[in-house]
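# Examining the three-dimensional arrangement
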Amino acid sequence: MFVKHGVNSGFSSLASSAVLRRQQFLIRSLGGHSVSDITHQKKRMEAVKCSSGGADAECVLRAITPSLDPKRHKGQAGKIAVIGGCREYTGAPYFAAISALKIGADLSHVFCTQGAATVIKSYSPELIVHPILEESYSISDVDDEGRRQILKKILSEFDKWMERFDCLVIGPGLGRDPFLLECVSKIMTHARESNVPMVVDGDGLFLVTNCIELVSGYRLAVLTPNVNEYKRLVQKVLGGDVDDQNTHGELLSLSKQIGGVTILRKGKSDLISDGEIVQSVSIYGSPRRCGGQGDILSGSVAVFLSWARQHISATERESTISRTNPTVLGCIAGSALLRKAAALAFEHKKRSTLTTDIIEHLGQSLEAICPAS
Ligand SMILES: NC(=O)C1=CN([C@@H]2O[C@H](COP(=O)(O)OP(=O)(O)OC[C@H]3O[C@@H](n4cnc5c(N)ncnc54)[C@H](OP(=O)(O)O)[C@@H]3O)[C@@H](O)[C@H]2O)[C@@H](O)CC1
Ligand SMILES: Nc1ncnc2c1ncn2[C@@H]1O[C@H](COP(=O)(O)OP(=O)(O)OP(=O)(O)O)[C@@H](O)[C@H]1O
Ligand SMILES: [Mg+2]
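Since the model is a prediction, treat every value here as computed from it, not as a measurement.

Next up on the list: the pattern of salt bridges. By the definition in use, this model includes 10 salt bridges. Here Lys-340 ties to Glu-58 by a salt bridge, and the two come within 2.9 Å at their closest N and O atoms. Within this pair, whereas Lys-340 is found in helix α13 (residues 326-349), its partner Glu-58 is found in helix α3 (residues 57-64), the two being separated by 282 residues in sequence. Residue classification places Lys-340 among the partly exposed positions, given a relative accessible area of 22%. For Glu-58, a relative accessible area of 24% puts it in the partly exposed group. Taken together, the shared-partner salt bridges connect Glu-58, Arg-62 and Lys-340 into one network.

Moving on to the packing of α3 against α13. The contact between α3 and α13 brings their axes to 9 Å, and the two run at 110 degrees. Relative to α13, the element α3 lies roughly perpendicular. α3 and α13 meet at a crossing whose hand is left-handed. Across the interface between the two elements, Ala-57, Glu-58, Val-60, Leu-61 and Ile-64 of α3 pack against Leu-329, Ile-332, Ala-333, Ala-336 and Lys-340 of α13. Of the residues belonging to the contact of α3 with α13, the class tally is eight nonpolar, no polar and two charged.

Let's shift gears to the packing of aromatic side chains. We describe a pair of aromatic rings using the distance from one ring centre to the other and the angle between the two ring planes. Inspection of every chain in the model, using the stated rule, returns five aromatic pairs. With a centroid separation of 5.1 Å and an interplanar angle of 65 degrees, the aromatic rings of Tyr-94 and Tyr-123 are classed as edge-to-face. Residue Tyr-94 is found in helix α4 (residues 91-103), and its partner Tyr-123 is found in helix α5 (residues 114-123); the two are separated by 29 residues along the sequence. Residue class for Tyr-94 comes out buried when judged on its relative accessible area of 16%. The interplanar angle of 75 degrees and the centroid separation of 5.0 Å between the aromatic rings of Phe-111 and Phe-158 together place this pair among those described as edge-to-face. Of this pair, Phe-111 sits in strand β3 (residues 107-113) while Phe-158 sits in helix α6 (residues 144-162), placing them 47 residues apart in sequence.

The next thing to look at is the UniProt feature "binding site: (6S)-NADPHX" (unreviewed entry) in the protein. Under the present numbering, the feature "binding site: (6S)-NADPHX" (unreviewed entry) in UniProt falls on Gly-173, Asn-226, Val-227, Asn-228, Glu-229, Tyr-230, Lys-231, Arg-232 and Asp-295. Looking at the element boundaries, Asn-226 is found in the loop between β7 (221-223) and α9 (227-237). Take Asn-226: its relative accessible area is 28%, and that puts it in the partly exposed class. Structurally, the position occupied by Val-227 is in helix α9. Under the relative-accessibility criterion, Val-227 is labelled exposed at 61%.

Our next topic: the pairing of strand β4 (residues 128-133). As defined by bridge partners, β3 adjoins β4 across four bridges and the pair is classed as parallel. Pairing of His-109 across the sheet is with Ile-128, part of β4.

The rules behind each value
Residues numbered from 1 in each chain as written. Chains lettered and ligands numbered in written order. Predicted model: local features only at pLDDT ≥ 70, side-chain atom pairs only at ≥ 80, totals over all residues. Heavy atoms only, no water. Salt bridge = Lys/Arg side-chain N within 4 Å of Asp/Glu carboxyl O. Helix = DSSP H or I, 4+ residues; strand = E, 2+ residues; numbered from the N terminus. Buried < 20%, exposed > 50% of the residue type's maximum accessible area, 1.4 Å probe, protein only. Axes fitted to C-alpha atoms, helices over the stretch in contact; angles between N-to-C directions. Parallel < 35°, antiparallel > 145°, perpendicular 65-115°, else oblique. Left-handed = near helix turned anticlockwise from the far one by under 90°. Contact = heavy atoms within 4.5 Å. Nonpolar A, V, L, I, M, F, W, Y, C, P; charged D, E, K, R; others polar. Phe/Tyr/Trp six-rings, centres within 6.5 Å; stacked < 30°, edge-to-face > 60°. UniProt positions renumbered as here; feature names shortened; annotations may be inferred. Pairing = 2+ DSSP bridges.

Have a look at this one:
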């Protein structure tokens, strides 16, 4: 409606002709907000409008991807941690963590249950795997005091590492065990107190939807819901069904209602909002909908979000990109790269394209936009 879709780039931004309509829309949809709120939004919209001049998703990727500088030491290109991996799921945390490395992060950790850890380690020696989480079934004979002690130990194990991470990915393959989710909610609270950014996906969204305070008002959080996860969020936060006639306005309201948390709504086009702007990425990807593509996305967004924060703190704020919310930039870059890699993988593998094939094309896709040398 008010977002003009880019023809070549697939990353759409606000076109000047749409700004007025959008402001009117905002005033309608954000009824009750002060004039200064609206003025602030207008300024942000102008900023994004400027970026549409030449800056598309590829420009964002180019701007925020750091060069391979020999002066940089291990860790400076990103240290990511995935919190996920339980009795049922070992693929999802692996996909997220290995994607972060394949894109260019230096270190990728996984915090999971003991049983999942052995399996995830066997997929790849590149990952640093911490078998610290517990599920109810493994502590069924432990009394309440014993459980409190286990929870305390898990938190202290995690806290030893937490501040080293540039971003956490919470939820891929986490499962829904109540004790495990209680531990993860405490981990999220600690991470938030330390201002560690987080991407919340999969069962992390199940947790957050039932306890929205975990992320509410935390501007360093990104939620990446798929169709089901989005539906649950809308029902819980906005109190109704998803409105397919008002996709952008609804996403804007949802993000605003959760206090400016960035939301990446996955689908045919990926829609991104931080409560102030709505962006969409619609680069052609793949018609295969095999499980695990969302996990690649969450690991990718974590890396790009970290790079966007570095980019913004290292540059003067004169460019439009450096004035844009880094969580939004991270989402645009992650979505665009995943889609490019999926398209390439599909070219080769057609109907047999799997998530591992897409991961194998992440490097080539980024190389085409940001050559290593
Ligand atoms: N290779 C792997 O390891 C992969 C693992 N993956 C991992 O799987 C996890 C779930 O993610 P997903 O995408 O299947 O969730 P989603 O679309 O909400 O649900 C689909 C339907 O299933 C149901 N449902 C789900 N969990 C349930 C539960 N514990 N108990 C009961 N019902 C449950 C759900 O029901 P509902 O919640 O709507 O009641 C809906 O109808 C998550 O950790 C993800 O990372 C994926 O990333 C793919 C690759
Ligand atoms: N209909 C679609 N057409 C094109 N691309 C899509 C479509 N749906 C999703 N995608 C792409 O696939 C990515 C993953 O979205 P999806 O909805 O499959 O996530 P998910 O269900 O969380 O995946 P996972 O199986 O990893 O949990 C999205 O970012 C998007 O780029
Ligand atoms: Mg998912």
